[in-house]
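Descriptive analysis of the structure
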Amino acid sequence: PDRLGGLVRASQGCHDAAVAYGVPFISGKDSLYNEYRLADGESRAIPGTLLISAIGIVPDLAATSSMFLKQPGNALYLVGATGDDLGGSLAARLSGTQGGRAPQVDLARGRDAFRAVHTAVRDRLVQSVHDLSEGGLAVALAEMALAGNLGASVNLDRVPVQMSGLDMGTRLFSESPSRFIVEIAPDDAPAFEAALGQVPFARIGDVTSDGVLTIQAEDQKLVRFPVDRLKATWQATLA
């Protein structure tokens, strides 16, 4: 019942999202029974996984965007509102924290955010864009910085939130869905903001040339970490 019940609920969620977003799922499969054996002989089953294939048409490959930071002086925007969504998150797992609210997808708000960001990308207003998913804002910023070998400076006080009083740790690591970090050239900022319409957003910082990821809040620096150390830490697991 636990395996099949989870599969049914996941399939229902996929159906609801496909209909709401108008996205055709052309194929897929489930992986529920794969197991591996530890050195002591104990058998472990992998977490149940639902795999989906979708397809879309990109009329102009030049009107696309990658996720690595491009140019010092560009603005960094957070699109979408952050909530108290740490239940089941990467931060909760690493810290051993249990409980909390698991992220819930608002299909209508998510669709509006996706359409707005897609419009901006299509109109070539976006220099880079990255979704906020596992690890939240902190991990997305780190990945964009180390991929582009550039620094970034952001202020958590500016993060658009779903509720007042959201603490800075939650703003950093919340996994609220349907959010993006977007890099915009200064001259394109007015057009980009107009494209977002009613979608929550805020300019939270800038791309820097100092090679350092800096995160501050309430006039205090919470994080100041060289990008080359971020990259070395990330690549060390591959060894």
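As shown above, the structure is provided for reference.
Before going into details, it helps to say that this report is about the structure given with it. Nothing here was measured: the structure is a model prediction, and the numbers come from that model.

1. Some points on the overall build of the protein chain
The number of helices and strands found in the protein chain is seven helices and 11 strands. Against the globule reference of 18 Å for 239 residues, the protein chain gives a C-alpha radius of gyration of 19 Å, in line with a compact fold. The principal-axis extent of the C-alpha atoms belonging to the protein chain is close to 55 × 40 × 40 Å. When burial is assessed residue by residue, the protein chain has 36% of its 239 residues classed as buried. If you take every contact in the protein chain between residues at least 6 apart in sequence, the share linking residues at least 24 apart comes to 79%. Split by element, the accessible area of the protein chain, about 13800 Å² in all, is 53% carbon and sulfur. Looking at the protein chain, you have 21 positive and 27 negative side-chain charges, and the mean spots of the two groups are 2 Å apart.

2. Considering the environment of Phe173
Looking at the element boundaries, Phe173 is found in helix 5 (residues 168-173). Sequence separation of Phe173 and Ala140 is 33 residues, and the distance between their C-alpha atoms is 9.8 Å. Filtering out sequence-adjacent residues up to four positions away, Phe173 remains in contact with Leu86, Ala91, Gly135, Gly136 and Ala138.

3. Digging into the packing of helix 4 (residues 136-148) against helix 7 (residues 227-236)
Where helix 4 meets helix 7, the closest approach of the two axes is 9 Å, and the angle between their N-to-C directions is 100°. In terms of axis orientation, helix 4 runs roughly perpendicular to helix 7. Taken together, the residues of helix 7 that come into contact with helix 4 (itself represented by Ala142, Ala145 and Leu146) are Val227, Leu230, Lys231 and Trp234. Across the contact of helix 4 with helix 7, the residue classes tally to six nonpolar, no polar and one charged.

4. Structural notes on the nonpolar core
By size, the foremost hydrophobic cluster in this structure holds 28 residues, and its most contacted members are Leu69, Leu76, Leu137, Leu141, Leu156, Ile181 and Ile204. Listed by contribution, the elements that provide at least two residues to this core are strand 5 (75-79), helix 4, strand 7 (151-155), helix 5, strand 9 (201-208), strand 10 (212-217) and helix 7. Examining the composition of this core, we find that eight residues originate from one element, helix 4, more than from any other. In this structure Leu141 touches Leu76, Val154, Ile181, Leu213 and Ile215, once residues within four positions along its chain are discounted. Within the second largest apolar cluster, 18 residues are counted, among which are Ala75, Ala113, Val129 and Ile184.

5. Some thoughts on the sheet that holds strand 7
Ordered in space as 6-8-5-9-7-10-11, the seven strands form an open sheet in which the pairing is mixed. In the strand order of this sheet, the two ends are held by strand 6 (128-131) and strand 11 (220-226), each with one partner. Strand-to-strand twist in this sheet, taken as the mean axis angle between neighbours without regard to direction, amounts to 20°.

6. Here's the deal with helix 4
For helix 4, built from 13 residues, the straight-helix expectation of 18 Å at 1.5 Å per residue is met to within 8% by its first-to-last C-alpha distance of 19 Å. Within helix 4, 10 of the 13 residues are buried, which leaves it mostly tucked inside the rest of the structure. Those residues of helix 4 not exposed but buried are Gly136, Leu137, Ala138, Ala140, Leu141, Ala142, Met144, Ala145, Leu146 and Gly148. Asn149 sits one or two positions beyond helix 4 and adopts a positive phi of about 55°.

7. Considerations on the environment of Ile52
Structurally, Ile52 is set in strand 4 (residues 49-54). Put simply, Ile52 and Phe25 are 27 residues apart on the chain and 6.6 Å apart in space, counted from C-alpha to C-alpha. Residues in contact with Ile52, not counting those within four places in the same chain, are Cys14, Phe25, Ser27 and Gly28.

8. Some remarks on the side chain of Ser176
Position of Ser176 relative to the elements: it lies in the loop between helix 5 and strand 8 (180-184). A distance of 3.0 Å separates the side chain of Ser176 from the side chain of Ser174, its partner in a polar contact. Apart from residues lying up to four places away in sequence, Ser176 is in contact with Ala81, Thr82, Gly83, Asp85, Leu132 and Gln162.

Criteria and cut-off values
- Residues numbered from 1 in each chain as written.
- Predicted model: local features only at pLDDT ≥ 70, side-chain atom pairs only at ≥ 80, totals over all residues.
- Heavy atoms only, no water.
- Helix = DSSP H or I, 4+ residues; strand = E, 2+ residues; numbered from the N terminus.
- Rg over C-alpha atoms; globule rule 2.2 N^0.38 Å.
- Buried < 20%, exposed > 50% of the residue type's maximum accessible area, 1.4 Å probe, protein only.
- Contact = heavy atoms within 4.5 Å.
- Areas by Shrake-Rupley, 256 points an atom, 1.4 Å probe, with all protein chains shown as cover.
- Lys, Arg positive; Asp, Glu negative; His and termini not counted.
- Charge placed at Lys NZ, Arg CZ, Asp CG, Glu CD.
- Axes fitted to C-alpha atoms, helices over the stretch in contact; angles between N-to-C directions.
- Parallel < 35°, antiparallel > 145°, perpendicular 65-115°, else oblique.
- Nonpolar A, V, L, I, M, F, W, Y, C, P; charged D, E, K, R; others polar.
- Core = buried A, V, L, I, M, F, W, Y, C linked by side-chain atoms within 4.5 Å.
- Pairing = 2+ DSSP bridges.
- Expected span 1.5 Å × (residues − 1).
- Polar contact = N/O pair within 3.5 Å; in protein donor to acceptor, adjacent residues only side chain to side chain.

What is shown is where atoms sit, not what they do.
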